[in-house]
Amino acid sequence: MKTDSQKLFENNLSLIARMMGKSAKESRRDPTSVALVAVTKTQSEEKVEAALACGLRIFGENRVQEAHARWVGRKNLYPDLSLRLIGPLQTNKVREAVSLFDVIETLDRKSLVDQLVKEMEKQGRFIPCFIQVNTGEEPQKAGVFPREFSALFNYARHVGLSVEGLMCAPPVGDPPALHFAFLQKMAQEKGLVGLSMGMSQDFVKAIPLGATHIRIGSALFGSRV
Ligand SMILES: *Cc1c(COP(=O)(O)O)cnc(C)c1O
């Protein structure tokens, strides 16, 4: 028997999958080149289970500790899980983050590059990163400012960290497509393929601009508790 949570989730998922497919087709992109990252922060266990039952395996989490509590026990049950950190990473959480996550999307400063490299070597676990760019230069938001991006990227490369892409979250109220286009251009200049951009409200605008990972929370799971 399917639970109500499961039915609701399936409906949301099929709607999003259709919108992703349509947007990919319209922009002449291979639909399989866009990954759906299900953002489970603050959602109930029941909803997380519904997502797993539907076959979703790529999840985004904002907080290391919350993610640890939710996923560490499930990693053995679902060996193909891919966990992505999409919230800011404090230095004192680097050890736990490297052992839990498969991708860190929020690299935004040199000191974090150093800490990550050190910890990855210690654990023998080398995971790729995305650099988070604060495209709107919002002081309260994480992410490297665009003018400091190139230096951070070159530094990460120099010390051997694997940078696979860029991530952004446009300011509320700004047209998101401007930020997506800007991020796409920055990525292209560095030969980076990965682009984590687009959330529940704006992912159809991110796909034509090259998003490889869209991060969807509320449109899949309902509003956060
Ligand atoms: C919460 C969050 C999301 C998902 O947001 P929705 O609008 O619920 O889809 C995506 N990215 C980041 C960085 C987030 O913090």
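Since the model is a prediction, treat every value here as computed from it, not as a measurement.

Details of the pattern of salt bridges
Turning to step 1, where the next piece is worked out: Considering all chains together, one arrives at 15 salt bridges under this definition.
Turning to step 2, where the next piece is worked out: Among the salt bridges present, the one from Asp4 reaches Lys7, with a minimum N-O distance of 3.9 Å. Of this pair, Asp4 and Lys7 both sit in helix α1 (residues 4-26), three residues apart, which is roughly one turn of that helix.
Turning to step 3, where the next piece is worked out: Note on Lys7: relative accessible area 42%, which makes it partly exposed.
Turning to step 4, where the next piece is worked out: Note that Asp102 and Arg125 form a salt bridge whose closest N and O atoms lie 3.4 Å from each other. One end of the pair, Asp102, is in the loop between α4 (94-100) and β4 (103-107); the other, Arg125, is in the loop between α5 (110-123) and β5 (129-132), with 23 residues separating them in the sequence.
Turning to step 5, where the next piece is worked out: Residue Asp102 is classed as partly exposed on the basis of its relative accessible area, which comes to 21%.
Turning to step 6, where the next piece is worked out: Residue classification places Arg125 among the partly exposed residues on the basis of a relative accessible area of 24%.
Turning to step 7, where the next piece is worked out: A network of salt bridges, in which partner residues are shared, links Glu45, Glu49, Glu61, Glu66, Arg70 and Arg74.

So, the side chain of Glu96
Turning to step 1, where the next piece is worked out: Residue placement: Glu96 occurs in helix α4.
Turning to step 2, where the next piece is worked out: For the buried Glu96, no salt bridge is present, and the opposite-charge side chain at shortest range is Arg95, 5.8 Å distant.
Turning to step 3, where the next piece is worked out: Glu96 has contacts with Val64 and His68, leaving out every residue within four places of it along the chain.

A closer look at the site of the ligand
Turning to step 1, where the next piece is worked out: Taken together, the residues surrounding the ligand are Val39, Lys41, Asn62, Ile86, Met167, Met199, Ser200, Arg215, Ile216, Gly217, Ser218 and Arg224.
Turning to step 2, where the next piece is worked out: Between a nitrogen atom of the ligand and a side-chain N or O atom of Arg215, the distance comes to 2.8 Å.
Turning to step 3, where the next piece is worked out: Between the ligand and Gly217, the relevant distance is 2.8 Å, taken from an oxygen atom to a main-chain nitrogen or oxygen of the residue.
Turning to step 4, where the next piece is worked out: Across the complex, the protein chains shield 88% of the 390 Å² of accessible surface that the ligand would expose by itself.
Turning to step 5, where the next piece is worked out: Here the shell around the ligand is composed, by residue class, of five nonpolar, four polar and three charged.

As for the pairing of strand β2 (residues 58-61)
Turning to step 1, where the next piece is worked out: As paired elements, strand β1 (residues 35-39) and β2 share two bridges and run parallel to each other. Within the sheet, the bridge partner assigned to Ala38 lies in β2 and is Phe59.
Turning to step 2, where the next piece is worked out: At this point the chain moves from β1, through helix α2 (residues 45-53), to the parallel β2, and the crossover so formed is right-handed.
Turning to step 3, where the next piece is worked out: Relative to strand β3 (residues 82-85), β2 runs parallel, the two sharing four bridges. When the bridges of β3 are listed, Ile58 appears paired with Ser82.
Turning to step 4, where the next piece is worked out: After leaving β2, the chain enters helix α3 (residues 64-71) and then returns to the sheet as β3, a path that is right-handed.

Criteria and thresholds
Residues numbered from 1 in each chain as written. Predicted model: local features only at pLDDT ≥ 70, side-chain atom pairs only at ≥ 80, totals over all residues. Heavy atoms only, no water. Salt bridge = Lys/Arg side-chain N within 4 Å of Asp/Glu carboxyl O. Helix = DSSP H or I, 4+ residues; strand = E, 2+ residues; numbered from the N terminus. Buried < 20%, exposed > 50% of the residue type's maximum accessible area, 1.4 Å probe, protein only. Lys, Arg positive; Asp, Glu negative; His and termini not counted. Contact = heavy atoms within 4.5 Å. Near = heavy atom within 4 Å. Polar contact = N/O pair within 3.5 Å; in protein donor to acceptor, adjacent residues only side chain to side chain. Areas by Shrake-Rupley, 256 points an atom, 1.4 Å probe, with all protein chains shown as cover. Nonpolar A, V, L, I, M, F, W, Y, C, P; charged D, E, K, R; others polar. Pairing = 2+ DSSP bridges. Right-handed = clockwise from strand over helix to strand, strands pointing away.

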